[in-house]
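Observations on the model geometry
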Amino acid sequence: MKKRFLPMLAAAVAAAPSFLLFGCAPRSQVLKIYNWGDYIEDSLIGEFESWYKEQTGEHITVKYDTFDTNETMLMRIETQKADYDLVCPSDYIAERMIKSGLAKKVDAEIFDPKTPDLFYDGLADMVAPFDENNEYFVPYVWGTFGIMYDTNRIDAGSEKAESWGALWSDEWKQTTGKRRVLMKDSVRDAYSVAMIYANTDKLAELSDGFTDYNAEYRKELVSYFSEVTDDTLATAQKTLIEQKKAICKYEVDDGKNDMVAGTTDAYLGLFWSCDAGLIMLEDGGDHFYYTVPKEGSNVWVDGWLIPKYAKNEKAANYFLKFINTHEFAAINFDYMGTSIAVKSVMDEAKIAMEEDDEFFDGFYDGFKQMYIDMMFPSETVIARSAVMRDFGVKMGTALDSMWIDVKTS
């Protein structure tokens, strides 16, 4: 990120990499964290060790490891019984871990996830279906997925890109002779988007033309993120095969960089908001637009769990308290540049962005509001979004098989 919207704490900058020196410490003085790469500001590791001593009078050393897929992390916990004290799964994997007894409850005497107004509006309710009483899963980083497009090719705010139908349209191929759509090589995301697109008319009827995202509409939308049947698999497969006429490439992480570098034929694609935000503030990334389609979308949430085999629950709970404290969460937000769970930080950052006209000077008209809407989804966007659920092993395997059939058809 080229721009920071919140002041950094000077004390946090000087943290030494003491987490590399854990070898001789007793296990009770070691906190083992297993997280995604680039998911914490490095100085906060040392800051936590000092803060923990102030809070408890005890020494702690952090051992910090990273993973690159949910499945890698889950295997370490489920199969190898790794004794990490904190892990950071995505929503659907968190649900699987909770259901299978691989998670421990948070100690509310140290950190209470139910603290009023702690988390961004509606976020706790989003994860309640798989953690009903907010006892296990602590939201950390979150966002939406939607359509990002090149405003040099498609006008900013164009109605053409307000619907998921834009990712099925062969309009650009017909007019330019080339396929212009990027699609995530992610079966869960592809499946849910395909189901939304295939049921556009039904969703429109339930929501009075996408003007009233009511309970009946939400029930239908949520089903696309929580249920897989033989019938829905068939529908999704047919729909995704139809989409291939418009797709120039399936991708996971390189699509955004290709669009910035101009090394792809793509004009638009399915993107996570965090990736869209990442490239928009990089050199050459000032000509992109992100929107959450009117038919409905996904709110993804990565959060903390204390695994079954954790050996230092005390330190894990204190870390949860630490990382959700305003001053430290603000440092983390400033580093990551994506939406985080702590409401007070998000509220403060939104005000800072709204008041900072100088930073947005030079961007196209409407960029500032688009960027703020992406970082701080409105109640309307939240109302038309659902969290990904665990489909179960059997249907998850069937889903993987369907995706192979789609890509090889």
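To be clear, the structure that these remarks concern was listed above.
First things first, this report covers the structure right here in the doc. Note that the structure is a prediction, hence the values are computed from the model and not measured. Position labels on residues start from 1 in each chain and follow its written sequence. Only residues with pLDDT of at least 70 get local features here, since the model is predicted, and only at 80 or more are side-chain atom pairs given and counted; chain-wide, interface and lining totals rely on the full set of residues. Side-chain measures here rest on the full set of heavy atoms in the structure, leaving out hydrogens and waters.

Below, the discussion takes up the side chain of lysine 184. Under the DSSP-based scheme used, a helix requires at least four consecutive residues in state H or I and a strand at least two consecutive residues in state E, with every element numbered from the N terminus. Summarising the element assignment, lysine 184 is placed in strand β6 (residues 181-184). The definition of a polar contact used here is a pair of N or O atoms within 3.5 Å, where within protein one atom must be able to donate a hydrogen and the other to accept one, and adjacent residues in sequence count solely through side-chain atom pairs. Reaching out from lysine 184, the side chain makes a polar contact with the backbone oxygen of leucine 270 at a distance of 3.2 Å.

What follows is about the packing of helix α10 (residues 230-243) against helix α19 (residues 393-408). What counts as an axis is a line fitted to C-alpha atoms, over the stretch in contact for a helix, and the angles between N-to-C directions run from 0 to 180 degrees. Direction vectors running N to C along α10 and α19 enclose 25°, while the axes themselves pass 10 Å from each other. When the axes of α10 and α19 are compared, the pair comes out roughly parallel. The way α10 lies across α19 gives a crossing that is right-handed. Taking contact as the criterion, the partners of Asp230, Leu233, Ala236, Gln237, Leu240 and Ile241 in α10 are, on α19, Met395, Ala398, Leu399, Met402, Trp403, Asp405 and Val406. Residue composition of the contact of α10 with α19, by class: ten nonpolar, one polar and two charged. Orientation labels follow simple angle bins: below 35 degrees gives roughly parallel, above 145 gives roughly antiparallel, 65 to 115 gives roughly perpendicular, and whatever is left gives oblique. By definition, turning the near helix anticlockwise from the far helix through less than a right angle yields a left-handed crossing, and turning it clockwise yields a right-handed one. The contact criterion used throughout is that any non-hydrogen atoms of two residues lie within 4.5 Å. Gly is put with the polar residues, along with every residue not named as nonpolar or charged; the nonpolar set is Ala, Val, Leu, Ile, Met, Phe, Trp, Tyr, Cys and Pro, and the charged set is Asp, Glu, Lys and Arg.

We place a 1 Å grid over just the protein atoms. Points where a 1.4 Å probe fits but has no way out form a cavity, open points with protein on both sides within 12 Å along at least 5 of 7 lines form a pocket, and any residue with an atom within 4 Å of a point lines it. Grid points are joined across faces, edges and corners, and a volume is the space filled by probe spheres set on the points. In this structure, the largest pocket spans a volume of roughly 1,500 Å³. Around the largest pocket, the lining comprises 44 residues; the ones closest to its centre are Trp36, Asp68, Asn70, Ser90 and Trp272. Secondary structure elements with two or more residues in the lining of the largest pocket: α3 (70-78), α4 (91-99), α7 (187-198), α12 (273-280), β10 (297-304), α14 (326-336) and α19. For the lining of the largest pocket, the element with the most residues is α19, which contributes five residues. Reported here for the second largest pocket is a volume of approximately 220 Å³. Surrounding the second largest pocket, 15 residues form its lining, Tyr290, Met370, Asp373, Met374 and Val381 being those nearest its centre. Those elements that place two or more of their residues in the lining of the second largest pocket are β9 (288-291) and α17 (367-375).

Along the polypeptide, serine 385 turns up in strand β12 (residues 385-386). There is a polar contact of 2.7 Å between the side chain of serine 385 and the backbone oxygen of valine 381. Aside from chain neighbours lying at most four places away, what touches serine 385 is Met126, Arg218, Leu221, Ser297, Asn298 and Val299.

One finds Phe48, Leu268, Met280, Trp304 and Phe319 to be the most contacted residues of the largest nonpolar core, which totals 145 residues. Per-element tally for this core: the top contributor is strand β5 (residues 138-150), with eight residues. What phenylalanine 48 contacts, discounting residues up to four positions off in sequence, is Leu31, Ile60, Val62, Ala315, Tyr318, Phe319 and Phe322. Definition of nonpolar core: a set of buried residues of the types Ala, Val, Leu, Ile, Met, Phe, Trp, Tyr and Cys, connected through side-chain atoms within 4.5 Å. When accessible area is computed with a 1.4 Å probe and restricted to protein chains, residues below 20% of their type maximum are described as buried, those above 50% as exposed, and intermediate ones as partly exposed.

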